[in-house]
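Here is what each chain is made of, one letter per residue.
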Amino acid sequence: MSAQKKLENKFIVIEGLEGAGKTTAIRYIGNWLAEQGVPTSKMTYTREPGGTKLGEYMRDIIKMDLNDESLDDKAELLLMYASRVQLVEAVIKPALAQGHIVIGDRHNYSSLAYQGGGRGLDMHFIHSLKQLSLGDFKADFTLYLDIDPALGLQRARGRGELDRIERLAIDFFERTRQVFLNLVADDESAVTIDASKTPAQVEKAIFKQLDNWLVSLK
Ligand code: T5A
């Protein structure tokens, strides 16, 4: 079977802390897919929170910084899932049904890591919410870009002003990172990439992991 055929209907997700280089890595994934013969017209890119018209409104609320009212942690979690369900039902599933390969900038792991690890919300509750809203739907392959939070935030700062979540204390991101690492360790369809390396080294590592994954596909 050709590489292009093997990659049809697959959902690849890139995860990581702020400044890990997800946006940059997504470009590398696109280049790798093109090398496998996948036409650009068969690649669908998504981002979370957001990625749909309604989801982008939810993203705005999540990012919003009001002086006199803060977003409750549970409300934040529910908004992440509201945005995700909208994206999965309106964009991801229809694209996969048309044989597209979907490349997602964040997905379910982010909620477990940020809201479960960072905010300290009950992991069982988050797993139940995921099951209730998305059932068994999950990524076919997850690339987790691992970075020391201090370095990631330094990179994010270099790109512009930090948002509401990015301004949280470093230990929030340390707890978030730990959950990402635990999730990847327990998931055969997920791998860790050392994102502290140079862009060229990160690209090489991503290509290698994608090559290995492709070989494993039937
Ligand atoms: N969130 C999200 C939750 O809390 N729960 C959830 O369920 C979900 C889905 C999303 C926020 O929402 C949270 C997580 C986030 O706080 P966002 O704006 O989408 O917000 O933020 P990020 O996804 O974190 O996006 P960033 O742009 O901050 O990070 P990236 O995309 O990982 O980083 P990137 O590629 O823009 O790179 C940052 C800078 O570093 C440089 C780049 O050129 C850029 O300047 N860079 C490198 N420099 C040196 N070496 C490398 N290897 C480099 N790679 C990139």
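## A closer look at unusual backbone geometry
Across the chain, the bulk of peptide bonds are trans and the bulk of non-glycine residues have phi less than zero.
Okay, so step 1: In the segment running from E48 into P49, the intervening peptide bond is cis, with an omega of -10°.
Okay, so step 2: Counting through the fold element by element, P49 comes out in the loop between β2 (43-47) and α3 (53-63).
Okay, so step 3: For N9, which is not a glycine, the phi torsion comes out positive at approximately 60°.
Okay, so step 4: Residue placement: N9 occurs in the loop between α1 (3-7) and β1 (11-16).
Okay, so step 5: Residue class for N9 comes out partly exposed when judged on its relative accessible area of 38%.
Okay, so step 6: Phi angles above zero are rare outside glycine, and R106 is one such case at about 80°.
Okay, so step 7: The topology assignment puts R106 in the loop between β3 (101-105) and α5 (108-118).

## What to know about the nonpolar core
Okay, so step 1: Among the nonpolar cores identified, the biggest contains 52 residues, and L7, I29, L33, L143, L145, I206 and L210 are the most heavily contacted of them.
Okay, so step 2: For L143, the contacting residues outside a window of four places in its chain are I12, V13, I14, E15, I29, V191, I193, I206, Q209 and L210.
Okay, so step 3: Grouped together as the second largest cluster of nonpolar side chains are eleven residues, F11, L87, I92 and F137 included.

## Comments concerning the pattern of salt bridges
Okay, so step 1: Taken as a whole, this structure holds 14 salt bridges when the rule is applied.
Okay, so step 2: Taking the shortest distance from any N to any O, the salt bridge between E56 and R47 comes out at 2.7 Å.
Okay, so step 3: With its nearest N and O atoms 2.1 Å apart, the salt bridge here joins D65 to R167. You can see D65 sitting in the loop between α3 and α4 (73-97) and its partner R167 sitting in the loop between α7 (149-159) and α8 (170-185), a full 102 residues away along the chain.
Okay, so step 4: On the basis of relative accessibility, which here comes to 42%, the residue D65 falls in the partly exposed class.

Definitions and cut-offs
- Residues numbered from 1 in each chain as written.
- Predicted model: local features only at pLDDT ≥ 70, side-chain atom pairs only at ≥ 80, totals over all residues.
- Heavy atoms only, no water.
- Helix = DSSP H or I, 4+ residues; strand = E, 2+ residues; numbered from the N terminus.
- Buried < 20%, exposed > 50% of the residue type's maximum accessible area, 1.4 Å probe, protein only.
- Core = buried A, V, L, I, M, F, W, Y, C linked by side-chain atoms within 4.5 Å.
- Contact = heavy atoms within 4.5 Å.
- Salt bridge = Lys/Arg side-chain N within 4 Å of Asp/Glu carboxyl O.

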